[in-house]
Amino acid sequence: MTNSQIITNSLQPMQEILTNDRPRLHENFSQVVKSYYQLTKPRIILLLLITTSAGMWMAAKGEVDPLLLVSTITGGALASASANTINCVYDSDIDYIMERTRWRPIPSGRVKKRDALIFAIALATISFTLLTVVANLLAALLAMSGIVFYVLIYTHWLKRHSVQNIVIGGAAGAIPPLVGWAAVTGDLSWGAWLLFGIIFLWTPPHFWALAMMIRDEYKEVGVPMLPVIEGDEATARQIWIYTLLMIPATLLLVYPLHLAGAVYAGTAIFLGAIFAQKAWLLLQTPEDKVVARSLFKYSILYLMLLCAGIVVDSLPVTHNLTTAVVQNVQTLISAVVM
Ligand code: HEM
Ligand SMILES: CC(C)=CCC/C(C)=C/CC/C(C)=C/COP(=O)(O)OP(=O)(O)O
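Predicted, not measured: the structure shown is a model, and the values here were computed from it.

Conventions and cut-offs
- Residues numbered from 1 in each chain as written.
- Chains lettered and ligands numbered in written order.
- Predicted model: local features only at pLDDT ≥ 70, side-chain atom pairs only at ≥ 80, totals over all residues.
- Heavy atoms only, no water.
- Patch = residues over 30% accessible without salt bridge, like charges linked within 9 Å, V, L, I, M, F, W, Y side chains within 5 Å.
- Areas by Shrake-Rupley, 256 points an atom, 1.4 Å probe, with all protein chains shown as cover.
- Salt bridge = Lys/Arg side-chain N within 4 Å of Asp/Glu carboxyl O.
- Helix = DSSP H or I, 4+ residues; strand = E, 2+ residues; numbered from the N terminus.
- Near = heavy atom within 4 Å.
- Polar contact = N/O pair within 3.5 Å; in protein donor to acceptor, adjacent residues only side chain to side chain.
- 1 Å grid on protein atoms, 1.4 Å probe; cavity = no way out; pocket = protein on both sides within 12 Å on 5 of 7 lines; lining within 4 Å.
- Sits in = over half its atoms within 2 Å of the grid points.
- Nonpolar A, V, L, I, M, F, W, Y, C, P; charged D, E, K, R; others polar.
- Donors = N, O, S within 2.8 Å, 3.2 Å for Na, K, Ca; no water.
- Buried < 20%, exposed > 50% of the residue type's maximum accessible area, 1.4 Å probe, protein only.
- Phe/Tyr/Trp six-rings, centres within 6.5 Å; stacked < 30°, edge-to-face > 60°.
- Points joined across faces, edges and corners; volume = space filled by probe spheres on them.

*Asks:* I'd love a proper account of a nonpolar patch on the surface, names of residues and values included.
*Replies:* A surface patch of nonpolar side chains, about 380 Å² in accessible area, is lined by Val-325, Val-329, Ile-333 and Val-337. As for its placement among the helices and strands, Val-325 is situated in helix α14 (residues 316-337).

*Asks:* Explain the site of ligand 1 to me, and be specific about the residues and the numbers.
*Replies:* Near ligand 1 there are 19 residues, and of these Arg-43, Arg-100, Thr-203, His-206 and Phe-207 occur at the shortest range. Arg-104 has a polar side-chain atom sitting 3.3 Å from an oxygen atom of ligand 1. When atom positions are compared with the pocket grids, ligand 1 is found to occupy the largest pocket. Every element with two or more residues in the shell around ligand 1 is listed here: α2 (42-59), α9 (190-213) and α13 (289-314). Its residues assigned to classes, the shell around ligand 1 shows 12 nonpolar, four polar and three charged.

*Asks:* I'd love a proper account of the coordination of the iron atom of ligand 1, names of residues and values included.
*Replies:* Each angle at a metal carrying four tetrahedral donors should ideally be 109.5 degrees, and each at a metal carrying six octahedral donors should ideally be 90 or 180 degrees. In this structure the iron atom of ligand 1 is ligated by exactly one protein donor, His-206 (NE2), at 2.3 Å. Within the fold, His-206 resides in helix α9.

*Asks:* So, the pattern of salt bridges: which residues are in play, and what are the values?
*Replies:* Counted by the stated rule, this structure contains seven salt bridges. The salt bridge involving Arg-160 is made with Asp-93; its shortest N-O contact spans 2.9 Å. Highlighted residues: Arg-160 in the loop between α6 (137-158) and α7 (165-169) and Asp-93 in helix α4 (residues 92-97), separated in sequence by 67 residues. In this structure Asp-93 comes out as partly exposed when scored by relative accessible area, which is 41%.

*Asks:* Could you give an account of the packing of aromatic side chains, with specific residues and numbers?
*Replies:* The relation between two aromatic rings is expressed through the spacing of the ring centres and the mutual angle of the planes. Going through the model one piece at a time under the given rule, you end up with 10 aromatic pairs. Aromatic pair Phe-275 and Tyr-302: ring centres 4.9 Å apart, planes at 80 degrees, arrangement edge-to-face. With Phe-275 in helix α12 (residues 262-284) and Tyr-302 in helix α13, this residue pair connects regions lying 27 residues apart in the sequence. Residue class for Tyr-302 comes out buried when judged on its relative accessible area of 0%. Pairing Tyr-298 with Tyr-302 gives two aromatic rings, centres 6.1 Å apart and planes at 55 degrees, and the pair type is tilted. You can see Tyr-298 and its partner Tyr-302 sitting in helix α13, four residues apart, about one turn around the helix. Through a chain of ring-to-ring contacts, the aromatic side chains of Trp-193, Phe-196 and Phe-200 assemble into a single cluster.

*Asks:* Describe empty space enclosed by the protein, naming the residues involved and giving the relevant values.
*Replies:* The tally for this structure, following the rule as stated, stands at one cavity of 30 Å³ or more. Reported here for the largest cavity is a volume of approximately 60 Å³. Lining of the largest cavity is provided by Thr-51, Ala-54, Pro-177, Leu-195, Ile-198, Ile-199, Leu-303, Leu-306, Cys-307 and Ile-310. Contributing elements (two or more residues each) for the lining of the largest cavity: α2, α9 and α13. For the lining of the largest cavity, the per-class residue count stands at nine nonpolar, one polar and no charged.

*Asks:* Provide a residue-level description of the site of ligand 2, including the pertinent values.
*Replies:* Neighbouring ligand 2 are 19 residues, the closest being Arg-100, Arg-104, Tyr-150, Tyr-154 and Lys-159. A distance of 2.8 Å separates an oxygen atom of ligand 2 from a polar atom in the side chain of Arg-104. Take Lys-159: an N or O atom from its side chain is 2.8 Å from an oxygen atom of ligand 2. Summarising the interface, the protein chains cover 89% of the accessible area of ligand 2, which totals 630 Å² for the free molecule.

This is how it looks when you write it as structure tokens:
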């Protein structure tokens, strides 16, 4: 190698730093932001917020203060993000082994556990402050109880030790509509608890359908999910039972609570019938992973659309429209009968 070649080679890293420094810094920063964003499991948060909004709309009978809505959703998102981040810290050992979760920021070495924990504490603190100041203390305490329940009861205590882990632990995921309801009214009534109950009953079919698809991964890391311990047939049976409990529960909002009307009732019956059909198919073919996947995916769409039904039904314009339709039908019937 000539002297000039040696000089050129030794200069190369420096030239790279000089020419690439800015784009690289930018790239690294956006990578870091992306990693912290992934820690929060954002797609799950979106559905949690949809259920929070449904709680708010129903509690406010369709007339929600926009500032309260935005603040509660932000506070709820920060609390859920905190809970999910702590879950990622706690579960990083098994996440490292499972194929589905290996790419997550902690097992893949992109974020240190200590930094993730500081991030989660900051999120929870901001959430509590925001909800206390803009909504009320009850909403803030409920959001914090969601974090504590999900982290201590589900992630720490039940997930690795009980076959009923997600049935009891699922209560954490049912708290967001309570947060929404409390933010609007300052207390919790039957309607709020029924929304809680609907999501509580929805969680086992939602999760066990997924667990049937990835049973072997849970088995590998020793997590006692129902399909691992009792097999596909028993799991499909349990899914069917929870589905049969969930569908009538959704209708209790219409009767006897009278908190929702015809638009919601129609939506709940239509969506529930498809849910039941998919759960029935799984009961007939418990080993079929395509059927399990279809039920898992549909469970997400189901909850989204059911909440949309609650929101649309609670709007004053919907109420006026259905009242007008009912009156017209009554007039028509009496005209025909006379
Ligand atoms: C204990 C209760 C629950 C358990 C154990 C559970 C478990 C899971 C798991 C393991 C996944 C796959 C996630 C992934 O691969 O990253 C998932 C996906 C999902 N879960 Fe749940 N879940 C629960 C409750 C809920 C609740 C209450 C909601 C919202 C109301 C929810 C919404 C979602 C959504 C939207 C997805 C799809 C995420 C995506 O597309 O990546 N889950 N759930
Ligand atoms: C009000 C409030 C803040 C409530 C918290 C609600 C909350 C964060 C629910 C999350 C439910 C969920 C995605 C569980 C999966 O955990 P997993 O550990 O079984 O999933 P994984 O195997 O994908 O890590």
